[in-house]
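# Reading the structure
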Amino acid sequence: MADLYGKVKYYAISNGVTEEQFKDFLLVDNGEGAFIDNWDFDIPKPTQAQLDALDAQADEYETNLRT
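Quick caveat: nothing in here was measured; it's all calculated off a predicted structure.

It is worth spelling out the nonpolar core at this point. Core analysis: the biggest nonpolar cluster contains 17 residues, and V8, F22, F25, W39 and F41 have the highest contact counts within it. Broken down by secondary-structure element, the contributors of at least two residues to this core are α1 (4–14) and α4 (55–66). Ranked by the residues each element gives to this core, the list is headed by α1, at five residues. Look past the residues within four positions of F22 in its chain and what remains in contact with it is Y5, V8, K9, A12, I13, V17 and F41.

So this is what it looks like as structure tokens:
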């Protein structure tokens with residue numbers, strides 16, 4: 001199961017955000033779990049349902065990055 005960062009990265013890259021643009025992206029965790037705080041991309045911020053639907057694809061993406 002992909003973590004939140006992996007799902008967000010897969011969503012962003014799949015929608016035209018470059019690796020260079022994404023490298024400065026950070027999630028915030030206030031002790032109650034990580035979440036997207038700032039979204040500075042030209043694509044809509046993903047909903048949790050959208051990210052959950054990308055779980056399998058994000059897993060595959062992360063696996064391919066490691067190999």
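Moving on from the coordinates now.
Further remarks concern the packing of aromatic side chains. Under the definition given, this model contains nine aromatic pairs. Taking 5.9 Å as the distance between ring centres and 85 degrees as the angle between the ring planes, the aromatic pair formed by F25 and W39 counts as edge-to-face. Of the two residues, F25 sits in the loop between α2 (19–22) and β1 (28–29) while W39 sits in the loop between β2 (34–35) and α3 (48–53), which places them 14 residues apart along the sequence. Exposure remark for F25: the relative accessible area of 6% places this residue in the buried category. Of the aromatic side chains, those joined through ring pairs into one cluster are Y5, Y11, F22, F25, W39 and F41.

In an α-helix there are 3.6 residues to a turn, and that puts residues three or four apart on one side. Taking 1.5 Å per residue as the helical rise, α4 with its twelve residues ought to reach 16 Å, and the 17 Å between its terminal C-alpha atoms agrees with that figure. Looking only at α4, the buried set comprises D55, A58, Y61 and E62. The arc that holds the buried residues of α4, viewed along the axis, is 125 degrees, so those residues lie on one side. Relative to its buried face, α4 has exposed residues pointing more than 90 degrees away, namely A56 and E60. Looking at the buried side of α4, the elements it contacts are α1, α2 and α3.

Within the element layout of this structure, L26 appears in the loop between α2 and β1. Assessed through its relative accessible area of 65%, L26 is described here as exposed. Counting along the chain gives 25 residues from L26 to L51, while the straight-line C-alpha distance between them is 16 Å.

Reading the values: the criteria
- Residues numbered from 1 in each chain as written.
- Predicted model: local features only at pLDDT ≥ 70, side-chain atom pairs only at ≥ 80, totals over all residues.
- Heavy atoms only, no water.
- Core = buried A, V, L, I, M, F, W, Y, C linked by side-chain atoms within 4.5 Å.
- Buried < 20%, exposed > 50% of the residue type's maximum accessible area, 1.4 Å probe, protein only.
- Helix = DSSP H or I, 4+ residues; strand = E, 2+ residues; numbered from the N terminus.
- Contact = heavy atoms within 4.5 Å.
- Phe/Tyr/Trp six-rings, centres within 6.5 Å; stacked < 30°, edge-to-face > 60°.
- Expected span 1.5 Å × (residues − 1).
- Arc of directions from axis to C-beta.

Interpretation note: all reported values are geometric properties and have no functional meaning in isolation.
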